[in-house]
Structure formats: C-alpha cells, structure tokens
Amino acid sequence: MADTAQYLTLGIDQELFGIDIRNVREILDMRPISKLPHAPSFLLGMIDVRGAGYPIVDLRTKLGLPRAEPTDATRIIILDVPVKGRTLGVGFVADRVFEVTGLDDDQTEAAPDVGGRWQSNYIAGIGRKGESFIVVFDLERLMESDDLPQLSAMAPERAA
C-alpha cells in the first residue's frame, strides 16, 4: 500500500494552505519576537526554542498580504526548510492552524495557467479537501529571495 501524503493545514487571511508534515518540527503559540535591525519586511525577527534561535517569517507579508495583529489563534510553525542542499530551521507565523490531513484523491494539480505572469512558483500543487482548495507550499521556492543569505546565516542547520 502506498503512503498517503499528509499536510499540516493552516489559514492565512481567508485561504487554506498546506505544508508537508515531514517538514513540520512543532507548532507554538504566538510569543514575543525579537526584532532584527534592517531585516527584510517578511522577517519578523528571532525567537528562542529550547536554546536555539529561529528566524520567524510572516507568511502574510511573504505572500504579499498586509500584516495583521496576532489573535488567540495565531501560531508559529517551526519547520525544517530545504534550501540549496541543506536544511534550515525557520518559523512561519500563520493566522490559524487546523489539522494534519490528506487531500481528497491524494493528489494535487499544478497552479493554473492564466496566460500572464504571476508569481506562482512557490505552489507545489493545489489540492482539495471537500469543497475547499488547499494551496500546498513548495517551501524551498517560497523562501527563495535576495534576502535569503541573511536568513540562512542566522538559521540553525539540521543534517539532511
């Protein structure tokens, strides 16, 4: 029997996103984040998790949405993100975290071709759960940025 892919589902604004559960280390309640001077707009700062520092990325800003004040449902997802052949520990701030689940029919579709240019390379696929669409992140592509060298210099590495 083939393994069924499992995704951590999360909400940003009114949309649903998925992260392959193999990349998720842990989920934390929102906590104070130490700001970093001259950081890119998507980098909120750093937090300490059991003696290790993790850079924290605001998913709203990374996806081109306006920032929002944290609520009781806001979570920090600590991830192992593959970047250029190594694995970095990074935290993502999400408005809400729902569940670990498979997708209907255990499959995803490519991002739609709309005949024009738009930044969709961070989409590994679009799956369905009931009547909802779940946009599955390609974490490596999501993190690609001119600011990545600063981020990777701060982030703890893990053996791949």
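What comes next concerns the included structure. (Residues numbered from 1 in each chain as written. Predicted model: local features only at pLDDT ≥ 70, side-chain atom pairs only at ≥ 80, totals over all residues. Heavy atoms only, no water.)

**Considering the environment of Leu-63**
Phase 1 of the analysis: Relative to the assigned elements, Leu-63 resides in the loop between α1 (59-62) and β6 (75-83).
Phase 2 of the analysis: Sequence separation of Leu-63 and Ile-12 is 51 residues, and the distance between their C-alpha atoms is 9.2 Å.
Phase 3 of the analysis: Not counting chain neighbours up to four residues away, the residues in contact with Leu-63 comprise Ile-12, Phe-17, Tyr-122, Phe-137 and Leu-142. (Helix = DSSP H or I, 4+ residues; strand = E, 2+ residues; numbered from the N terminus. Contact = heavy atoms within 4.5 Å.)

**A word on the pattern of salt bridges**
Phase 1 of the analysis: One pass over the structure, following the stated rule, counts seven salt bridges.
Phase 2 of the analysis: As a salt-bridge pair, Arg-22 and Asp-20 come within 2.5 Å of each other at their nearest N and O atoms.
Phase 3 of the analysis: Each member of the salt-bridge network shares a partner with another, and the members are Asp-13, Arg-60 and Asp-95. (Salt bridge = Lys/Arg side-chain N within 4 Å of Asp/Glu carboxyl O.)

**Quick look at the sheet that holds strand β2 (residues 15-20)**
Backbone hydrogen bonds are what pair the strands of a sheet, in a parallel or an antiparallel way.
Phase 1 of the analysis: Strands sit in the order β8-β1-β2-β10-β9 across an open sheet of five strands; the sheet is mixed. Two strands close off the open sheet at either side, each with one partner strand: β8 (96-101) and β9 (123-129). Each strand of the sheet is rotated relative to its neighbour by a mean of 30 degrees, with strand direction disregarded.
Phase 2 of the analysis: In terms of strand pairing, strand β1 (residues 7-12) meets β2 through six bridges, oriented antiparallel. (Pairing = 2+ DSSP bridges. Axes fitted to C-alpha atoms, helices over the stretch in contact; angles between N-to-C directions.)

**What about the pairing of β6?**
Phase 1 of the analysis: Judged by how many residues are buried, β6 sits mostly within the fold: seven of nine residues are covered.
Phase 2 of the analysis: Relative to β6, strand β3 (residues 24-29) runs antiparallel, the two sharing five bridges. Looking at β6, one finds that Leu-28 is bridged to Ile-76.
Phase 3 of the analysis: Where β6 folds back on strand β7 (residues 86-94), the antiparallel hairpin that results is connected by two residues, among which Lys-84 adopts a positive phi of roughly 50 degrees. (Buried < 20%, exposed > 50% of the residue type's maximum accessible area, 1.4 Å probe, protein only.)

**Looking at the side chain of Arg-60**
Phase 1 of the analysis: On the secondary structure map, Arg-60 appears in helix α1.
Phase 2 of the analysis: For Arg-60, the side chain forms a polar contact with the side chain of Asp-95, separated by 3.1 Å.
Phase 3 of the analysis: Apart from the residues within four sequence positions on either side, Arg-60 is in contact with Ile-12, Asp-13, Leu-65, Pro-66, Arg-67, Ala-68 and Asp-95. (Polar contact = N/O pair within 3.5 Å; in protein donor to acceptor, adjacent residues only side chain to side chain.)

**Things to note about the layout of surface pockets**
Unfilled space is identified by rolling a water-sized probe across the atoms.
Phase 1 of the analysis: What the largest pocket holds in volume is close to 430 Å³.
Phase 2 of the analysis: Met-30, Leu-44, Arg-67, Ala-68 and Pro-70 are the residues nearest the centre of the largest pocket, which is lined by 22 residues in total.
Phase 3 of the analysis: For the lining of the largest pocket, the elements supplying multiple residues, two or more each, are β4 (43-49) and β7.
Phase 4 of the analysis: Partitioned by chemical class, the residues of the lining of the largest pocket number twelve nonpolar, two polar and eight charged.
Phase 5 of the analysis: Space inside the second largest pocket adds up to approximately 230 Å³.
Phase 6 of the analysis: What lines the second largest pocket is a set of 13 residues, and nearest its centre among them are Glu-15, Leu-16, Phe-17, Tyr-122 and Val-135.
Phase 7 of the analysis: Those elements that provide at least two residues to the lining of the second largest pocket are β2, β9 and β10 (132-137).
Phase 8 of the analysis: Tallied by class, the residues present in the lining of the second largest pocket amount to ten nonpolar, two polar and one charged. (1 Å grid on protein atoms, 1.4 Å probe; cavity = no way out; pocket = protein on both sides within 12 Å on 5 of 7 lines; lining within 4 Å. Points joined across faces, edges and corners; volume = space filled by probe spheres on them. Nonpolar A, V, L, I, M, F, W, Y, C, P; charged D, E, K, R; others polar.)

**Re the packing of aromatic side chains**
Phase 1 of the analysis: Evaluated as defined, the whole model comprises two aromatic pairs.
Phase 2 of the analysis: Here Phe-17 and Phe-137 contribute two aromatic rings whose centre-to-centre distance is 4.9 Å and whose plane-to-plane angle is 5 degrees, an arrangement assigned as stacked. Within this pair, whereas Phe-17 is found in strand β2, its partner Phe-137 is found in strand β10, the two being separated by 120 residues in sequence. Side by side, Phe-17 and Phe-137 carry an identical accessibility label, which is buried. (Phe/Tyr/Trp six-rings, centres within 6.5 Å; stacked < 30°, edge-to-face > 60°.)

None of this, on its own, says anything about what the molecule does.
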